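Chains, contacts and geometry: an overview
Single-letter residue listing:
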Amino acid sequence: HRQLKQLELVTVAAMTASLDAFLVAAARSSRGATSGGALASQLLREAPALLAKHPERAAEITLGVARSARGREPTLLSAFSQALVQHQGQRQRLLPQGAAPSRAEVRKALVAFIALRNLGPAVCDAISALATTVEQGAAVLEASAVAVALAQLAGETGVHDAAADARVSRALQGPLSDVAALANLSAVDFSAAVIGVATAPEVVPEAAAALVAAAGSRAFEIQQEASALCELLRALVLLRDRAPSQSRAVDGLLLQIWPQLGTVVQRDLRSEEAFLWAVGLARIAEALPAENHTTPSFLAEVLQPTAPILLQLAQTDLGSLEPVALLLRAVDGDLWSSFLAYLALEALPKLPPGPAGTERVLSLLETVSAAGGEQSSKKPSFPPFFDFAFEELLGRSNELSLRQLRRATRLLSHVHLERIDRIGATAEALAALVGPRLLHTASSSKDSCGVETLPDIALTLSAFAALNGRLVLATDVQSQQQAPEALRGIAAVFEAAGLACEELLSLESDAKLVSMTDTGRTEAVCLALSAFAQVAVRVPTASAVSSHHGVVIERGLHLLEVLSAGWMRTGTNLTAPQAHIFVVAIRGFCVHRPGLALPEVVLHVLHGLVDRSMAGPRTGDRDGWLLFATLQEFAKEPACPEAVRALLPQPKGSAQSAEAGAAHGAAPSRSGPSAPERLRAAMAAVAPTAEVEDHMQTGTGRSIVRRLFGF
């Protein structure tokens, strides 16, 4: 086997001895040829020498490297990057003093830039050198080449050199400022130019003005292509916000376009392109701000006349349910009610089994939930929609992942159900599904040490804390006999989640625990802690479930002890939101468990936070002042343990505290996202997928506890 492997490498080396063979081999590698990694590695080794031998074909060599090098050895990529930097430097030195590179040179540099921009940090030097060449010579490029390049750059931002992306994008927008050049663009290239500028890292005002001026006469040149026309119009909507100086011009243009668009859509919605029109219109509708004065015109001229046809489309094509749902949700009224009835009673049960079909069911529920905006708990126009929808969703329970279960839990925490007794029964069913999976998630994560699972657990607990709040605070739900069983199930979820968090944390060495702040793990465990605190401060009225409430407090306190021990060992410095979570969690546990003795390690961390908070009133630091005020409120609690009270700053009178806060430009209570909400936003970025249940809510701005925990 080793001899065959060596023979293969010799064969690969022979193949790459000439440039043409190199390019053929690169094409083979990109198609997943049998030689696999050996071929790709050999190509990377040969590329620098070929670049020195054939400098005039640098762009082709770079494309060959890009095709085969994704995910390969950074060392080999870095060697090619340095060779390319040297090549670009030599070409620069050959230019006369102050001269710009030729059009051909700029084209080659642009092609190489686009090819390399997502290969990782190993090629950042080459990316920067290529960006410099494009900057120097972008003015000589044809507008058509610029439009295509901008559209390609809009597809995916370079993940390792955003600054180079911005430099190239600004330079490429220069040629588009010429109105005469725009007139010579084909319809497709003009659309690409508008999309590229609208989605650029930075919009050049002159280019935006020229494109908007030309768009009025050119928008419907591509009306025969539904998706292309809709993407162009969506880009104009985005350009309105990206280039404020053009907002009035874009608004006037859109008001002229909507009647024409309505005519075209009514004609073509009965054609084979009906689905493409529905998707395109949905993307426009999502991009239009609700407060924009062109939005009512879009509804009146485009959506309302076509709404009956859209409903018919949904009834004949299950694939169009999602875009039609977005459009009819905007139209509202009887047609939206008819769509909801059809969706709940006929369409959802017809969706195929399996992960894809289940994901569609859940996504459609989230779309309907969003119809109420900030009042997402209001009754749908087809009142029993969520009763039927959750019945269908639970029928697919074996196909639901942990992330999907928490999204369903988040929905159940606020949507309207006609049968109040179904809230408790559904909550009990979701809890029974989640608890065992949390333990399985922890036990199967020993290799990953919780990099992904801690955020998952934290977000799941956050969803169940919200559901617990609905069960405890809603009097109509409390009166149902299913509520106590549901609360017991939620307590079991918190018990399993606490054990899972502790197990994941115990797998980590001190060295790995230090990196928790960098990887989002500290944010994850603090968000989990905040969920425990939310349940702790919402005490069930029924004595039958008081013991289960105590289980949540005990598990939360144990998690607090484990976290404190880890933070002490590693010297972790909590951020302001994390510090508030820590303090309010202690307060919640102590207030609802009188006589509680906090572990010494928890008191040690608290002592450090007290010392840090004392600087708040002296320096005027808003976060420091808020932490200081939170600690003072805790000290006022009759249930505050004496060991804790001895550490806390002595509370002042309310008037004196308010006066001190005003003197430093701060106040204990202020509007804006709460600490748990900011941590949920961080978890959405850390978790593998960004999900609907993690949308941020607006804080109430009331007392410290209410501001942090939303009640």
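What counts, and at which threshold
- Residues numbered from 1 in each chain as written.
- Predicted model: local features only at pLDDT ≥ 70, side-chain atom pairs only at ≥ 80, totals over all residues.
- Heavy atoms only, no water.
- Helix = DSSP H or I, 4+ residues; strand = E, 2+ residues; numbered from the N terminus.
- Buried < 20%, exposed > 50% of the residue type's maximum accessible area, 1.4 Å probe, protein only.
- Salt bridge = Lys/Arg side-chain N within 4 Å of Asp/Glu carboxyl O.
- Axes fitted to C-alpha atoms, helices over the stretch in contact; angles between N-to-C directions.
- Parallel < 35°, antiparallel > 145°, perpendicular 65-115°, else oblique.
- Contact = heavy atoms within 4.5 Å.
- Nonpolar A, V, L, I, M, F, W, Y, C, P; charged D, E, K, R; others polar.
- Core = buried A, V, L, I, M, F, W, Y, C linked by side-chain atoms within 4.5 Å.
- Phe/Tyr/Trp six-rings, centres within 6.5 Å; stacked < 30°, edge-to-face > 60°.
- Left-handed = near helix turned anticlockwise from the far one by under 90°.
- 1 Å grid on protein atoms, 1.4 Å probe; cavity = no way out; pocket = protein on both sides within 12 Å on 5 of 7 lines; lining within 4 Å.
- Points joined across faces, edges and corners; volume = space filled by probe spheres on them.

1. Digging into unusual backbone geometry
For Asp 332, which is not glycine, the phi torsion reads 65° and is therefore positive. Within the secondary structure, Asp 332 sits in the loop between helix H17 (321-331) and helix H18 (333-350). Residue Asp 332 is classed as partly exposed on the basis of its relative accessible area of 42%.

2. Focus: the pattern of salt bridges
Within this structure, the stated rule accounts for 25 salt bridges. Of the charged contacts, one joins Arg 167 and Glu 135 as a salt bridge, the two residues approaching to 2.9 Å between their closest N and O atoms. Note that Arg 167 is positioned in helix H9 (residues 162-173) and Glu 135 in helix H7 (residues 124-137), a separation of 32 residues in sequence. Residue Glu 366 pairs with Arg 407 through a salt bridge whose shortest N-O separation is 2.8 Å. Taken together, the residues Glu 366 in helix H19 (residues 355-369) and Arg 407 in helix H21 (residues 402-412) connect sequence positions 41 residues apart. Its relative accessible area of 8% is what places Arg 407 among the buried residues. The network of salt bridges with shared partners includes Arg 103, Arg 107 and Glu 142.

3. Notes on the packing of H17 against H19
At a minimum axis separation of 10 Å, H17 and H19 run at an interaxial angle of 5°. By the angle between their axes, H17 is roughly parallel relative to H19. Every residue of H19 that contacts H17 at Leu 321, Glu 322, Ala 325, Leu 326 and Arg 329 is listed here: Arg 360, Leu 364 and Thr 367. Class assignment for the residues of the contact of H17 with H19 results in four nonpolar, one polar and three charged.

4. Here's the deal with the nonpolar core
Grouped together as the largest cluster of nonpolar side chains are 212 residues, with contacts concentrated most on Leu 172, Trp 258, Leu 261, Phe 339, Phe 494, Phe 582 and Phe 589. Ranked by residue count, the leading element in this core is helix H25 (residues 482-506), at twelve residues. Among residues more than four places away in sequence, those in contact with Trp 258 are Leu 233, Ile 284, Leu 288, Thr 294, Ser 297, Phe 298, Glu 301 and Val 302.

5. Topic: the packing of aromatic side chains
According to the stated counting rule, one finds five aromatic pairs in the structure shown. Considering the side-chain rings of Trp 336 and Phe 339, the 5.8 Å spacing of their centres and the 20° angle between planes classify their relative orientation as stacked. In this pair, Trp 336 and Phe 339 are both assigned in helix H18, three residues apart and thus about one turn of the helix distant. The two residues Trp 336 and Phe 339 agree in class, both being buried. Ring geometry for Phe 385 and Phe 386: centres 5.0 Å apart, planes at 85°, overall edge-to-face. Judged by relative accessible area, Phe 386 falls into the buried class, the value being 2%.

6. Brief notes about the packing of helix H11 (residues 187-198) against helix H13 (residues 226-242)
The contact between H11 and H13 brings their axes to 8 Å, and the two run at 35°. Once H11 is placed against H13, the crossing between them reads as left-handed. Note on element contacts: H13 touches H11 through Ala 228, Glu 231, Leu 232, Ala 235, Leu 236, Leu 238, Leu 239 and Arg 242, opposite Ser 191, Val 194, Ile 195, Val 197 and Ala 198. Partitioned by chemical class, the residues of the contact of H11 with H13 number ten nonpolar, one polar and two charged.

7. Things to note about empty space enclosed by the protein
Over the atoms rolls a probe the size of a water molecule, and its path tells where empty space is left. According to the stated counting rule, one finds four cavities of 30 Å³ or more in the structure shown. Lining the largest cavity are 13 residues, with Ala 58, Ala 59, His 87, Gln 88 and Lys 108 positioned closest to its centre. Listed by contribution, the elements that provide at least two residues to the lining of the largest cavity are helix H4 (58-69), helix H5 (74-93) and helix H6 (103-116). Residues that form the lining of the largest cavity fall into these classes: seven nonpolar, three polar and three charged.

8. Regarding the layout of surface pockets
Approximately 360 Å³ is the volume attributed to the second largest pocket. Of all the elements in the fold, those that place two or more residues in the lining of the second largest pocket are helix H15 (274-287), helix H16 (295-316) and H17. Broken down by element, the residue count for the lining of the second largest pocket peaks at four residues, all from H16. By residue class, the composition of the lining of the second largest pocket is ten nonpolar, one polar and two charged.

9. Here's the deal with the environment of Leu 238
In this structure, Leu 238 sits in helix H13. Overall, the relative accessible area of 24% leaves Leu 238 in the partly exposed class. C-alpha separation for the pair Leu 238 and Ile 284, spaced 46 residues apart in sequence, amounts to 9.4 Å. Those residues in contact with Leu 238 that lie beyond four places of it in its chain are Ala 198, Thr 199 and Ala 287.

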